[in-house]
Amino acid sequence: MARILITGGAGFLGRRLAERIAATEPGGTEFIVWDHVAGQLPTGAGSSSRVIVGDLLDARRRAEAFADGTDVVFHLAAVVSAQAEEDFDLGMRVNLDGTRVLLDACRAMATTPKFIMTSSVAVFGGDLPRRVPDQWPTQPRSSYGAAKALCELLVGEYSRRGFVDGRVLRLPTVVVRPGRPNRAASSFASSMIREPLAGEAAAVPVMPETPMWLMSPDRAVDALVHALELDADLLGLERVISLPGLSVTVGDMASALARVGGAAAAAQLDWQFDPAIATIVQSWPGDFEATRAKELGFRVDANMDDIIRQHMSETGTGGAQ
């Protein structure tokens, strides 16, 4: 019976991931769902599964999480981009130090568990080509991106030493996220679809020509599960994978909202330029070759319209008018 630890397990990706895995083998997987707020166990979780609430840097909570060992760690917990930029110490403490202590907990087990971490396009910045190739060097322009880039190196090094079997996925911006806006600089990308479909106004803080690299929630979970199943021999020493996504402008997203959700929904968009958010978002690349990821079997969404339809189907909101 596999044991899987999910940090950030109360978040929407963590919940979806746990439900997806549990559905494939009901009762056959033990889950440790760990977050700073209370999460919940997936339907069909093994009888020894449990929820842990607390800080990654809390040694007692960490001892509890690893008490019975683990076969897989999905490390999804993070302080998001805008918040990490506003509070440098908090961002580095959670995003960098939190990752390091998890890796050391895995190292202490001496069993080489799989360690699957989500990274971000925010590791890139500076003078970028129109389409970023797989081997383009990281050059972050935010504290969040810097911490993620450092964690990528850590996972690679711990994998090289045989402490973990690491897999790092550079996720595109995931839309449409459920719930309410958070402190991520990219949060508007979900808000500008989610809120108008629910009949609410949504601020768009960047220019329409701003490019975005996007992925649906379902495709993000697909990628995490696929990373779990990948043979380590296919990865070699290169443990970081830039995932395929959709390259669209924010204006394209607004047009898709009008096509799928209707003119009334699109009219709810309030274009309010915010230089602080725009500076962060504009430092991110808007297109990737993602050749290696495609060769490894990672899939891409068909188009923005389908992503919006998926959200509408799940939430029962919106409808073309």
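Before reading on, note that the structure itself is shown above.
The numbers attached to residues start from 1 for each chain and follow its sequence in the written order. Per-residue local features of the predicted model are confined to residues with pLDDT of at least 70, and side-chain atom pairs are confined, for both listing and counting, to 80 or more; whole-chain, interface and lining totals are unaffected and use all residues. The basis for the side-chain values is all heavy atoms of the structure; hydrogens and waters are excluded.

Colleague: Which parts of the structure should I look at to understand the pairing of strand β3 (residues 50-53)?
Modeller: On a regular strand, one side chain projects to one face of the sheet and the next to the other, so that they alternate. The rule is simple: take the accessible area with a 1.4 Å probe, protein chains only, and divide by the maximum for that residue type; under 20% is buried, over 50% is exposed, in between is partly exposed. What counts as a helix is a DSSP run of H or I of at least four residues, what counts as a strand is a run of E of at least two, and both are numbered from the N terminus. Of the two faces of β3, the one lined by Arg-50 and Ile-52 is fully buried and the one lined by Val-51 and Val-53 carries no buried residue. Examined bridge by bridge, strand β2 (residues 29-35) and β3 share four bridges and lie parallel to one another. Bridged to Asp-35 within β3 is Val-53. Two strands pair if DSSP finds at least two bridges between them.

Colleague: Got a minute to help me understand the state of the cysteines in this structure?
Modeller: Disulfides are covalent bonds that connect the sulfur atoms of two cysteines. Criterion for a disulfide: a pair of cysteine sulfur atoms at a distance within 2.5 Å. Overall, the coordinates contain zero disulfides when judged by the stated rule. The structure places no disulfide on Cys-106, whose sulfur is separated from the nearest cysteine sulfur, that of Cys-151, by 13 Å. Here Cys-106 falls in the buried class, since its relative accessible area comes to 0%. What makes Cys-151 buried here is its relative accessible area of 0%.

Colleague: How should empty space enclosed by the protein be read in this particular structure?
Modeller: Take a probe with the size of a water molecule and roll it over the atoms, and the empty space left behind shows itself. A pocket here means an open set of points on a 1 Å grid, computed over the protein atoms alone, that has protein on both sides within 12 Å along at least five of seven lines. A cavity is instead a set of points where a 1.4 Å probe fits but cannot get out; residues with an atom within 4 Å of a point line either one. Grid points are joined across faces, edges and corners, and a volume is the space filled by probe spheres set on the points. Under the counting rule described, the total for this entry stands at one cavity of 30 Å³ or more. Within this model, the largest cavity holds a volume of roughly 40 Å³. Together, Val-121, Thr-173, Pro-211, Met-212, Trp-213, Val-281, Trp-284 and Pro-285 line the largest cavity. Broken down by element, the residue count for the lining of the largest cavity peaks at three residues, all from strand β9 (residues 211-215).

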